[in-house]
Amino acid sequence: MLADLVFWGLSVVAVVSGASVFRVDSMARATYALAVSFVAVGAALLLMRLDYLGLITVLMMVMEMAVMAVYMVMFMGMNPALMPMSMVHGKRAAVAAAVTVFVVLSGGALLVDWPARRGAPAPDTVAALGEALMGSKMLVMMAISPVMIATMVAGIAVAAPRGRYDRFGDDLRSPAADPQRGGVGR
Amino acid sequence: MSDVGVVEVAAIWAPAAAALLALLAMAAAALDGALAARGSGLPATAGLSAPVNETARLLRQRRRVTVAADSLLWRAGGGGLLVAALLMVVVVPLGRFTLADLPVGVVWFNAMDIVVWAAVWLAGWGPNSAHSLVGGYRFLALALAYELPLMFALTAPAVAAGSLRVGDVAAAQDGGWWYVAQMPVAFLVFCLGVTAFSVWGPFAPPAGTDLAGGVLTELSGVDRLLFLAGRYALLAAGSAFAVPLFLGGGAGPVLPGWLWVLVKTALLLSVFVVVRRRLPALRPDRFAEVGWLVLLPLVLVQVLVVAVIAVGRG
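Residues numbered from 1 in each chain as written. Chains lettered and ligands numbered in written order. Predicted model: local features only at pLDDT ≥ 70, side-chain atom pairs only at ≥ 80, totals over all residues.

**Q** Explanation requested: the overall build of chain B in the structure shown.
**A** Counting its secondary structure elements, chain B contains 11 helices and 2 strands. From first element to last, N terminus to C terminus, chain B shows the α and β order β-α-α-α-β-α-α-α-α-α-α-α-α. Taken over the C-alpha trace, chain B has a radius of gyration of 19 Å; the compact-globule value for 314 residues is 20 Å, and the two agree within 12%. With respect to the principal axes defined by its C-alpha atoms, chain B has extents near 60 × 40 × 40 Å. Burial status across chain B gives 54% buried among its 314 residues. The long-range share in chain B, meaning contacts at least 24 apart out of those at least 6 apart in sequence, stands at 79%. (Helix = DSSP H or I, 4+ residues; strand = E, 2+ residues; numbered from the N terminus. Rg over C-alpha atoms; globule rule 2.2 N^0.38 Å. Buried ≥ 20, exposed ≤ 12 C-beta atoms within 10 Å, placed from the backbone. Contact = placed C-beta atoms within 7 Å.)

Next comes the structure, spelled out in structure tokens:
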């Protein structure tokens, strides 16, 4: 009973703060409204005794939103991020897409004739998750990781204003010409 | 002790745990006040009442208001540190007793120290003041450098104990060498991480005087009190978490386990307070390279060694 109440409370928080991402007029509020939404989802996962997944959701999402604040000043020219601004664009198409997706997903969830549960959860869900990720799904993880890292490195390389030729000269052999020196004596 | 394991106590004890954390934070602030008094030529005892005086002063101070401040986010950030610290101690076993014996207690602690990222940046963002905002970004720059080493430093004891449950990690050190001796690099990096997420000592530039106080610039009255108390509470919670993770938990002669946990916590906490005045401030832009090129490889090698030994033992 109490668990049900907490679950519904968390669900309302998740949905309302998720919706408020599009209602507020500042990047900071939108970012952290999204963070609150994810924290509520993480807490709901904790409620289902999926401890590891729940905490990792909280950890990753709060960290991600903090990093978003870094990107806000790193990559957004003129810092519109620091001024009040609208959080929506392409309103009509976006609203149509959102409503369609919501109707399809919630309709599916309500109308599908879900099968009864077969089997029971593993006694140690953390270990079971680890086995699944590191065992049968290891190949997938190994394939995805380099692709993701390559994407990130490529994204930064494309966006960074100064590349290695700017730092080390045309022959890449000169000492690094950085506006500020790094912390390990270079 | 290990044969009994850790006992989860009723939630009604939570206020007692909070009071204990507050007591440790007060003691740390008193010690810091004493050191400050001695540093300025007064007898050390003159500074012992600093936390009480400062609390009384800030409670009576009128709140400063800035133009176009984002009060909601500002307050959330200012109070966030204390909340994170309180949530951290939930999984720290006091001898045999713990409030929540989570199977993933180590990850819980990690998630809470990530919440500090958000809190400090929000405290910097909220007042709509340039100095505060720069302070908030200084913290994020430091955080991007210290967090990954800290995560791997937390991994090492968990790997050695074969469990993410904090009680299991403490029990795994029973009768053997404590993890502080088995994995000193991980312990040092963990201590670095604790001082860093407490915006303390060498990691204080986000609240640095060169920035007119950084994230503290516009904080006044009870908001400032919450933020400062939160820093001490985080320092205390981090020290308390080091005890089951690296310092053998409640193990020790004569005294009961819960008292040993408190003694070890207080000792580590006083070390943190004392080193504050002994170490230079780290520049966020330079520390990034140190974190990624020095600390991260070091702690990864540490985890590798620990993992190989753990596999070897089977």
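Now, onward.
**Q** Is there a simple way to think about the overall build of chain A in this case?
**A** Assigned secondary structure in chain A consists of 7 helices and 0 strands. Along chain A, helices (α) and strands (β) appear in the sequence α-α-α-α-α-α-α when read from the amino end. Over its C-alpha trace chain A gives a radius of gyration of 22 Å, far above what one expects of a compact globule, namely 16 Å for 186 residues. If you line up chain A on its principal axes, its C-alpha atoms span 70 × 45 × 30 Å. Looking at the 186 residues of chain A, the share that counts as buried comes to 15%.

**Q** Quick question: what am I supposed to make of helix 9 (residues 221-246) of chain B here?
**A** The end-to-end C-alpha distance of helix 9 of chain B, which contains 26 residues, comes to 37 Å, matching closely the 38 Å that a straight helix rising 1.5 Å per residue would cover. Counting buried positions along helix 9 of chain B yields 24 of 26 residues, so the element is predominantly enclosed. (Expected span 1.5 Å × (residues − 1).)

**Q** Even after reading the chapter, I still don't get the interface of chain A and chain B, so can you show me in this structure?
**A** Interface size, as often reported, equals the accessible area lost upon joining of the parts. Residue-level contacts link 23 residues of chain A with 27 residues of chain B. Of all the elements in the fold, those that place two or more residues in the side of chain A that touches chain B are helix 2 (27-47) and helix 3 (51-74) of chain A. Broken down by element, the side of chain A that touches chain B gets its largest block of residues, 13 residues, from helix 3 of chain A. For the side of chain A that touches chain B, the class distribution of residues is 17 nonpolar, 4 polar and 2 charged. (Nonpolar A, V, L, I, M, F, W, Y, C, P; charged D, E, K, R; others polar.)

**Q** Which parts of the structure should I look at to understand unusual backbone geometry?
**A** A negative phi holds for most residues other than glycine; trans holds for most peptide bonds. Residue and element names in this part refer to chain B. Notably, Ala-68 is not glycine yet its phi reads approximately 55 degrees, a positive angle. Relative to the elements of secondary structure, Ala-68 occurs in the loop between helix 2 (50-60) and helix 3 (71-88). The phi angle at Val-199 is positive, at roughly 50 degrees, despite the residue not being glycine. Secondary-structure assignment places Val-199 in the loop between helix 8 (184-197) and helix 9. Take Val-199: there are 29 C-beta atoms within 10 Å of it, and that puts it in the buried class.

**Q** What should I look at first to understand helix 11 (residues 284-313) of chain B in this one?
**A** The α-helix winds at 3.6 residues per turn, so residues separated by three or four positions along the chain end up facing the same way. Residue and element names in this part refer to chain B. The end-to-end C-alpha distance of helix 11 is 41 Å, a good match for the 44 Å that 30 residues give at a rise of 1.5 Å each. The largest bend in helix 11 comes to about 40 degrees, at Gly-291. Within helix 11 the residues assigned to the buried category are Pro-284, Phe-287, Gly-291, Leu-295, Val-299, Gln-302, Val-303 and Val-306. As for helix 11, its buried residues are in contact with helix 5 (130-161) and helix 8. (Bend = angle between axes of the 7 residues up to and from the residue.)

**Q** How do you make sense of the nonpolar core when you look at a structure like this?
**A** Nonpolar side chains in soluble globular proteins generally cluster together in the buried interior. Among the nonpolar cores identified, the biggest contains 134 residues, and Val-62 of chain A together with Trp-117, Ala-118, Phe-190 and Ala-236 of chain B are the most heavily contacted of them. Residues in contact with Val-62 of chain A, not counting those within four places in the same chain, are Ala-35 and Val-39 of chain A together with Ile-114, Val-115, Trp-117 and Ala-118 of chain B. (Core = buried A, V, L, I, M, F, W, Y, C linked by C-beta atoms within 7 Å.)

**Q** Honestly, the packing of helix 3 of chain B against helix 4 (residues 105-125) of chain B in this entry has me stumped. Any pointers?
**A** Residue and element names in this part refer to chain B. Where helix 3 contacts helix 4, the two axes come as close as 7 Å, and the packing angle between them is 160 degrees. Judged on the interaxial angle alone, helix 4 and helix 3 are roughly antiparallel. In this structure, the crossing between helix 3 and helix 4 has a hand that is left-handed. Between helix 3 and helix 4, the contacting residues are Leu-73, Trp-74, Ala-76, Gly-77, Gly-78, Gly-80, Leu-81, Ala-84, Leu-87 and Met-88 on the first element and Phe-109, Met-112, Val-115, Val-116, Ala-118, Ala-119, Val-120, Leu-122, Ala-123 and Trp-125 on the second. (Axes fitted to C-alpha atoms, helices over the stretch in contact; angles between N-to-C directions. Parallel < 35°, antiparallel > 145°, perpendicular 65-115°, else oblique. Left-handed = near helix turned anticlockwise from the far one by under 90°.)

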